[in-house]
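Summary of the model geometry
Read off the chains here:
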Amino acid sequence: MLPASAKAPHKQSRKQSISIGRGTRKRDEDSGTEVGEGTDEWAQSKATVRPPDQLELTDAELKEEFTRILTANNPHAPQNIVRYSFKEGTYKPIGFVNQLAVHYTQVGNLIPKDSDEGRRQHYRDDLVAVSYQGSQESAKVISETENLEEDEEPKELETESGSQTDVPAAGAAEKVTEEELMTPKQPKERKLTNQFNFSERASQTFNNPLRDRECQMEPPPRTNFSATANQWEIYDAYVEELEKQEKTKEKEKAKTPVAKKSGKMAMRKLTSMESQTDDIIKVSQAAKIMERMVNQNTYDDVAQDFKYYEDAADEYRDQVGTLLPLWKFQNDKAKRLSVTALCWNPKYRDLFAVGHGSYDFMKQSRGMLLLYSMKNPSFPEYMFSSDSGIMCLDIHVDHPYLVAVGHYDGNVAIYNLKKPHSQPSFRSSAKSGKHSDPVWQVKWQKDDMDQNLNFFSVSSDGRIVSWTLVKSELVHVDVIKLKVEGSTTEVPEGLQLHTVGCGTAFDFHKEIDYMFLVGTEEGKIYKCSKSYSSQFLDTYDAHNMAVDAVSWNPYHTKVFMSCSSDWTVKIWDHTIKTPMFIYDLNSAVGDVAWAPYSSTVFAAVTTDGKAHVFDLAINKYEAICNQPVAAKKKNKITHVQFNPIHPIIIVGDDRGHIICLKLSPNLRKMPKEKKGQEVQKGPAVEIAKLDKLLNLVREVKIKT
């Protein structure tokens with residue numbers, strides 16, 4: 001209870017609050033607004049405030065709707081996933097990308113009743129309940145049976161025979177039920193399924209496509225054989241066999257016992273050796289096949305490039321091409337020897353021969369002849385070694401197993417690939433007229449009148465010699481001796497001394513058998529004939545230094561090409577003494593070669609490690625490809641050769657390396673097909689193409 005003085009102020013404050021409320025209502029009525037009692041200021045209408053830079057839009061613009069499409073794609077999902085395809089052997093982009101984004105996951109502790117784990121838990125709970133009920137019932141039964149045993153005693157019954165038997169009381173039957181209740185029946189346990197075999201119904205899996213692999217093999221060759229035999233034929237066969245046996249017996253009787261023993265021993269040795277060689281040949285053939293298979297797997301990417309790759313960038317480069325490096329061939333035994341000769345086999349287009357020696361006369365040692373196949377770039381197919389360096393080689397067109405080589409010591413030799421031993425089958429000697437200086441080039445020629453094989457050789461001693469293979473020896477004939485014109489000097493005794501011209505290269509005309517060209521160390525080129533040994537048909541003042549190579553055009557019969565250490569490559573018409581084209585390559589030119597597919601394409605290699613490819617039909621003034629191809633910067637490229645059918649070249653350097661390069665499409669352009677017109681191909685078209693260029697040059701020379 002509070003005193004009266006304390007209650008009075010409370011009433012007074014209440015009256016004041018009522019009067020204040022009435023005053024506010026009167027003010028609202030005066031202002032023309034009716035506001036309910038107890039409303040707040042924030043509920044009253046207020047004027048909207050606009051920012052000064054707000055756009056003023058019309059009603060039509062305000063009512064205009066902008067649709068936004070919401071997709072279920074995940075914006076953060078990667079779009080450039082690639083996976084390796086073992087079928088195609090490349091990386092392939094995956095078109096299907098999982099767009100599911102999980103924002104929240106929580107593992108619960110509730111188990112559905114219908115699941116396997118829920119059924120197992122329910123089964124365990126039932127087992128516990130059954131065992132508990134069984135224990136309680138068994139306790140009740142035990143207590144009841146004890147009470148009955150105390151009240152009743154077993155009665156004795158008398159049987160017909162007078163014997164007495166004990167009749168069991170009612171408690172005995174109840175004991176049986178007690179034992180049954182003490183051991184409750186356990187239901188059969190169900191086999192639990194694999195707990196890790198979990199699958200979520202909402203997930204989608206990417207099924208791999210089925211692959212069908214099929215292979216087809218060529219059936220083995222079959223031949224039908226049929227014959228008839230009568231009694232007379234069978235009789236004749238038996239008679240022949242008996243005659244053979246009698247002859248062998250007579251021969252054995254004629255021999256002495258010592259001869260018999262030695263003959264038997266020789267026959268045994270021969271048979272054992274034959275069996276061993278047969279086994280070795282079989283094993284070597286199988287090993288060679290396996291080696292090629294392993295190499296094919298190892299260099300599969302290179303083989304794919306060789307067969308299918310074409311430089312797509314050539315479409316955007318009008319007059320420029322490139323060289324794609326493919327295989328690299330080298331052997332440890334020829335590691336420090338220069339590549340002195342290259343030659344493709346005319347029959348087996350993947351096989352080529354390499355001659356190894358040294359161009360440095362101060363470092364002359366051994367030489368090697370290796371034959372490589374593009375099917376096995378890791379090891380040569382054939383290997384021959386020699387005491388002197390091999391400086392040149394050539395493979396016979398009709399007999400592709402015969403290889404003629406020229407050595408640094410002036411000897412020439414012929415190797416037979418059918419014979420496995422490393423020694424040459426035929427070799428010249430001092431008695432048989434060998435050269436006194438290094439042999440720089442050899443060329444097989446057509447067989448002579450007696451169908452004997454023969455080849456020509458040129459050497460620094462100024463002799464051009466024809467070698468003929470007669471029976472088992474090489475017979476030589478001097479075709480011509482090179483002499484420097486205008487260098488004859490008279491000795492007081494009345495004799496004339498001639499300065500010998502040192503031959504370095506030569507090439508025979510493709511159609512005119514007797515005519516050939518010879519390049520010399522003095523820089524001159526002589527046009528010679530096999531029929532005239534005392535004079536030249538013509539002389540060209542070609543170069544200022546030694547001529548390294550001379551080559552006739554494979555299509556045009558009048559055109560030939562030469563290169564020299566004076567950095568130049570020159571193209572000639574043999575009827576004109578001045579060159580038609582001159583190209584300066586800024587380095588000593590080691591070798592040149594015409595392309596087999598075009599009369600206007602040729603390649604040259606220089607000592608600065610570059611390969612130059614020219615196409616006169618595209619550009620008459622410079623090469624359309626200048627590319628370093630040497631394995632190392634210091635290596636000097638020495639030789640180049642085009643493959644007869646494939647668009648590849650091989651180049652060799654002074655460290656014994658051979659590199660195979662593929663020509664891009666711009667380096668082997670063929671005439672384009674025009675609508676309604678057939679593209680003309682063949683030697684006549686190539687001759688006309690080169691003639692057109694030569695006529696332009698001839699006209700310019702005539703005007704000047």
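Residues numbered from 1 in each chain as written. Predicted model: local features only at pLDDT ≥ 70, side-chain atom pairs only at ≥ 80, totals over all residues. Heavy atoms only, no water.

By the naming in an unreviewed UniProt entry, the chain goes by Dynein axonemal intermediate chain 1 and is assigned to Colobus angolensis palliatus. Under the UniProt heading Function (unreviewed entry), the note attached to the chain is "Part of the dynein complex of respiratory cilia." (UniProt positions renumbered as here; feature names shortened; annotations may be inferred.)

What follows is about the overall build of the chain. Within the chain one finds eight helices and 34 strands. Looking at the 704 residues of the chain, the share that counts as buried comes to 33%. Pairs at least 24 residues apart make up 48% of the contacts formed inside the chain by residues separated by at least 6 positions. When the accessible surface of the chain is split by element, carbon and sulfur atoms take 53% of a total near 50,600 Å². (Helix = DSSP H or I, 4+ residues; strand = E, 2+ residues; numbered from the N terminus. Buried < 20%, exposed > 50% of the residue type's maximum accessible area, 1.4 Å probe, protein only. Contact = heavy atoms within 4.5 Å. Areas by Shrake-Rupley, 256 points an atom, 1.4 Å probe, with all protein chains shown as cover.)

Here we come to the confidence of the model for the chain. Chain-level statistics for the chain give a pLDDT mean of 78 and a share of 76% at 70 or above. In the predicted structure, residues 1–38 sits below a pLDDT of 50 and forms four contacts with residues beyond four places in sequence or in another chain. Predicted confidence for residues 153–176 stays below pLDDT 50, and this span has 18 contacts to residues more than four positions away or in other chains. (pLDDT = per-residue confidence, 0-100.)

In the structure shown here, the tally under the stated rule is 16 salt bridges. Lys-577 serves as the salt-bridge partner of Asp-538, at 3.3 Å between the closest nitrogen and oxygen. Placement of the pair is Asp-538 in strand S23 (residues 538–541) and Lys-577 in the loop between strand S26 (568–573) and strand S27 (581–584), with a sequence separation of 39 residues. Residue classification places Asp-538 among the buried positions, given a relative accessible area of 16%. Via salt bridges that share partners, Lys-288, Arg-292 and Glu-381 belong to a single interconnected network. (Salt bridge = Lys/Arg side-chain N within 4 Å of Asp/Glu carboxyl O.)

Before going further, it helps to examine the UniProt feature "repeat: WD" (unreviewed entry) in the chain. The residues that UniProt annotates with the feature "repeat: WD" (unreviewed entry) are residues 540–573. The span residues 540–573 carries 0% helix and 59% strand; its end-to-end C-alpha distance comes to 11 Å.

Scanning all chains against the criterion turns up 24 aromatic pairs. Of the aromatic side chains, those joined through ring pairs into one cluster are Phe-581, Tyr-583, Trp-594, Phe-602 and Phe-614. (Phe/Tyr/Trp six-rings, centres within 6.5 Å; stacked < 30°, edge-to-face > 60°.)

Take unusual backbone geometry next. The backbone of Trp-567 sits at a positive phi, close to 80 degrees, despite the residue not being glycine. Following the sequence through the fold, Trp-567 ends up in the loop between strand S25 (559–564) and S26. Unusually for a residue other than glycine, Asn-586 sits at a positive phi of about 65 degrees. Secondary-structure assignment places Asn-586 in the loop between S27 and strand S28 (589–594). By relative accessible area, Asn-586 is classed as exposed at 58%.

Now for the sheet that holds strand S15 (residues 454–459). If you walk across this open sheet you meet the four strands as S14-S15-S16-S17, and the pairing is antiparallel. Either end of the sheet is taken by a strand with one partner, and the two such strands are strand S14 (439–445) and strand S17 (473–481). For this sheet, the mean inter-axis angle between neighbouring strands, taken without regard to orientation, is 25 degrees. Note that S14 and S15 share six bridges and pair antiparallel. (Pairing = 2+ DSSP bridges. Axes fitted to C-alpha atoms, helices over the stretch in contact; angles between N-to-C directions.)

Here the focus is the nonpolar core. With 22 residues, the main nonpolar core has Val-569, Ile-571, Phe-581, Tyr-583, Val-592, Phe-602 and Leu-616 as its most contacted residues. Listing elements by their share of this core, those giving two or more residues are S25, S26, S27, S28, strand S29 (601–606) and helix H8 (683–703). Considering every element that reaches this core, the biggest residue donor is H8, with four residues. If sequence neighbours within four positions are ignored, Leu-616 has contacts with Ile-571, Phe-581, Tyr-583, Thr-600, Phe-602, Leu-690 and Leu-693. Residues Ala-593, Val-601, Ile-637 and Val-640 belong to the second largest nonpolar core, which totals 21 residues. (Core = buried A, V, L, I, M, F, W, Y, C linked by side-chain atoms within 4.5 Å.)

Together, Val-82, Tyr-84, Phe-86 and Tyr-91 give the surface a local cluster of nonpolar side chains, amounting to about 510 Å² of exposed area. With respect to the helices and strands, Tyr-84 occurs in strand S1 (residues 82–85). (Patch = residues over 30% accessible without salt bridge, like charges linked within 9 Å, V, L, I, M, F, W, Y side chains within 5 Å.)

Moving on to the sheet that holds strand S5 (residues 323–329). Strands in a sheet are paired, the pairing made by backbone hydrogen bonds, and the direction either parallel or antiparallel. With respect to topology, four strands assemble into an open sheet ordered S5-S34-S33-S32, the strand pairing being antiparallel. Looking at the sheet topology across the chains shown, the edges are occupied by S5 and strand S32 (637–642). Across the sheet, the mean angle separating the axes of adjacent strands is 25 degrees when strand polarity is ignored. Of the pairings in the sheet, the one linking S5 to strand S34 (residues 658–663) comprises five bridges and is antiparallel in character. Along S34, the bridge assignment pairs Pro-325 with Leu-661.

Together, Glu-233, Asp-236, Glu-240, Glu-241, Glu-243, Glu-246 and Glu-250 make up a negatively charged patch on the protein surface. With respect to the helices and strands, the residue Glu-241 is situated in helix H5 (residues 231–254). (Lys, Arg positive; Asp, Glu negative; His and termini not counted. Charge placed at Lys NZ, Arg CZ, Asp CG, Glu CD.)

Mapped onto the secondary structure, Ser-587 falls in the loop between S27 and S28. Looking at Ser-587, the relative accessible area reads 7%, which means it is buried. C-alpha separation for the pair Ser-587 and Asp-608, spaced 21 residues apart in sequence, amounts to 6.4 Å. In contact with Ser-587, other than residues within four places in its own chain, are Trp-567, Thr-606, Thr-607 and Asp-608. In terms of polar contacts, Ser-587 uses its side chain to reach the backbone amide nitrogen of Asp-608, at 3.5 Å. (Polar contact = N/O pair within 3.5 Å; in protein donor to acceptor, adjacent residues only side chain to side chain.)

Attention now moves to H5. Between the first and last C-alpha of H5 there are 35 Å, a value that for 24 residues agrees with the 34 Å anticipated at 1.5 Å per step. Buried residues are scarce in H5, accounting for zero of its 24 residues. (Expected span 1.5 Å × (residues − 1).)

Moving on to the pairing of S28. The element S28 is extensively covered by neighbouring structure, given that six of its six residues are classed as buried. When S28 meets S29, the two strands line up antiparallel, connected through five bridges. Bridging across to S29, Val-592 finds its partner in Ala-604. The hairpin formed by S28 and S29 contains six residues between the paired strands.

Mapped onto the fold, Ala-595 is located in the loop between S28 and S29. Classification of Ala-595 as buried rests on a relative accessible area of 0%. Along the backbone, Ala-595 and Asn-643 are 48 residues apart, and their C-alpha atoms lie at a distance of 8.4 Å. Setting aside residues no more than four positions away along its own chain, Ala-595 makes contact with Pro-554, Tyr-555, Val-601, Phe-602 and Phe-642.

Here we take up a positive patch on the surface. Taken together, the side chains of Lys-328, Lys-335, Arg-336, Lys-363, Lys-632, Lys-634 and Arg-655 present a region of like positive charge at the surface. Looking at where Lys-634 falls in the secondary structure, it is placed in the loop between strand S31 (625–628) and S32. Among the residues examined, Lys-634 registers a relative accessible area of 72% and is labelled exposed.

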